[in-house]
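# Close look at the chain arrangement
The lines below spell out each chain.
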Amino acid sequence: MALQFGLGQADHLFRSEAGQSFTDVSDESGISTPWYCSRGASLFDFDEDDDVDVFVSVYRLQPNLLWQNNGDGTFTEVAEAGAWPDSTSAATTATTSARP
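These notes cover the structure that comes with them. (Residues numbered from 1 in each chain as written. Predicted model: local features only at pLDDT ≥ 70, side-chain atom pairs only at ≥ 80, totals over all residues. Heavy atoms only, no water.)

## Description of the overall build of the protein chain
A tally of helices and strands in the protein chain yields two helices and six strands. By the burial criterion, 30% of the 100 residues in the protein chain qualify as buried. In the protein chain, the proportion of contacts linking residues at least 24 apart, taken out of those at least 6 apart, comes to 30%. Here the protein chain has roughly 6700 Å² of accessible surface; of this, 53% comes from carbon and sulfur atoms. (Helix = DSSP H or I, 4+ residues; strand = E, 2+ residues; numbered from the N terminus. Buried < 20%, exposed > 50% of the residue type's maximum accessible area, 1.4 Å probe, protein only. Contact = heavy atoms within 4.5 Å. Areas by Shrake-Rupley, 256 points an atom, 1.4 Å probe, with all protein chains shown as cover.)

## So, the nonpolar core
Counting residues in hydrophobic clusters, the biggest one holds ten residues: Ile 31, Tyr 36, Cys 37, Val 54, Val 56, Val 58, Tyr 59, Leu 65, Trp 67 and Phe 75. Only β4 (53-58) and β5 (65-69) provide two or more residues apiece to this core. For this core, the element with the highest residue contribution is β4, accounting for three residues. If sequence neighbours within four positions are ignored, Leu 65 has contacts with Asp 11, Thr 33, Tyr 36, Val 54, Phe 55, Val 56, Val 58, Glu 77 and Ala 79. Core analysis: the next-biggest nonpolar cluster, separate from the first, contains six residues, Phe 46, Leu 66, Val 78 and Ala 79 among them. (Core = buried A, V, L, I, M, F, W, Y, C linked by side-chain atoms within 4.5 Å.)

## Considerations on the environment of Gly 30
Position of Gly 30 among the secondary structure elements: in the loop between α1 (26-29) and β3 (38-44). Sequence separation between Gly 30 and Thr 74 is 44 residues; the distance between their C-alpha atoms is 5.9 Å. Apart from residues no more than four positions distant in its own chain, Gly 30 is found in contact with Trp 67 and Phe 75.

This is the structure we're talking about:
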């Protein structure tokens, strides 16, 4: 089997059900991107609205993703729309803000 760069698996978001199990809420939340090769994720509140947002680092030839939490169980990708001036900066800030 040959490796095919640029073809990824869909990202997934799971909701904890009172610590007993997890439910895949990827589709209804809007976080489901089968065309990206994601490498990692950082959770932080980039817009300081007390909702946890999600930064996803992606393979170097694809744009990073910044999912803004809408507060209703859905997310909107805002890096491409320019909510973050430079998605590389978002990666640095997300990593730095997660440190104790």
